[in-house]
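# Report on the structure
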Amino acid sequence: MSETDETEQSDDEGREYDPRADHAFPDERLNEVLEFVQNDPEIQTYLRAQNVNPVVRKGYNDHGRKHISIVRNRALALYDLLKQGGVEFNGASEQGLDEADEPVIIALAATIHDIGHVVHRDEHAYWSIPLAADLLDRVLPQFDFYGTEEVVRMKGEVLHAILCHHTEEDPLTTEAGVVRVADALDMEKGRSRMPYEKGGRGIDTVSSQAIQRVSLMQGDAVPVLVEIEMLNAAGVYQVDNLLKAKLRDSGLEDDIRIIAVNVREDGNQLVERVEL
């Protein structure tokens, strides 16, 4: 694997979107769009090329194909759990689009939210917008269920979700909130393997190395429980700084409960549990 390819991460059972499974939402359009995305040369090239600036040139954590796969899978898992919990989504509906378009907005935004990295790591969310707009102009008309009006409205909603994965911009739709939170849920130690092996010991790298596993499940008092297993106190930075910042003002603060537990068993536990 070259340095420009994605980093390796664990693929835990049940954390990949399965188009054959039953979902709490209509999935036919989503499944067709996902098949197109996986086979589109331009999109797949962007997902490889966007890793060069953050990983190779800046020494940051993975922002390539593996990151995108994890964010998209967790976004769709989060969406499914929220739908099961009766959470209302407003992005597609307020544009006069269908419920079936909600997961398409989420999946497309999750897939191309980071392509601005091909321009620069800094302010990449803003660079992503013109590049994503050009892609969407080509991709959306490929599907029979999107005429000119639907293309314009879908494009706007996807771009909004892309922009709002950046913590400086507040999501105005539930769909955008899902993408924002899912982006922060890619925090396990495999994401920082490359910079760590090169000697990188910045807080992003060290804290990611401390995260063993992230799991999404149905909550009791709220629709979604996110359970994070960490190996040492450095993982608190990922939870209390990065994830907390993404959850804040996402519109999903009352629907997601986050618990991080130190699973280290040698008694060296400066922090045993963090809950948001």
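Use the structure listed above.
So, a few notes on the structure that sits alongside this text. (Residues numbered from 1 in each chain as written. Predicted model: local features only at pLDDT ≥ 70, side-chain atom pairs only at ≥ 80, totals over all residues. Heavy atoms only, no water.)

## Quick notes on a nonpolar patch on the surface
A grouping of Val118, Val119 and Trp127 is seen on the molecular surface, where their side chains present a nonpolar patch of about 240 Å² in accessible area. Assignment of secondary structure puts Trp127 in helix α7 (residues 124-139). Take Trp127: its relative accessible area is 41%, and that puts it in the partly exposed class. (Patch = residues over 30% accessible without salt bridge, like charges linked within 9 Å, V, L, I, M, F, W, Y side chains within 5 Å. Areas by Shrake-Rupley, 256 points an atom, 1.4 Å probe, with all protein chains shown as cover. Salt bridge = Lys/Arg side-chain N within 4 Å of Asp/Glu carboxyl O. Helix = DSSP H or I, 4+ residues; strand = E, 2+ residues; numbered from the N terminus. Buried < 20%, exposed > 50% of the residue type's maximum accessible area, 1.4 Å probe, protein only.)

## With respect to unusual backbone geometry
The backbone of Glu123 shows a phi angle near 55°, a positive value even though the residue is not glycine. Mapped onto the elements, Glu123 comes out in the loop between α6 (102-112) and α7. Overall, Glu123 belongs to the partly exposed group, its relative accessible area being 47%. Phi is positive for Asp249, close to 65°, though the residue is something other than glycine. Tracing the sequence through the fold places Asp249 in the loop between α12 (235-247) and β3 (256-262).

## Considering a negative patch on the surface
Negative charge collects at one region of the surface, where Asp170, Asp249, Glu253 and Asp254 lie side by side. Among the structural elements, Glu253 can be located in the loop between α12 and β3. Of the residues examined, Glu253 reaches a relative accessible area of 34% and is grouped as partly exposed. (Lys, Arg positive; Asp, Glu negative; His and termini not counted. Charge placed at Lys NZ, Arg CZ, Asp CG, Glu CD.)

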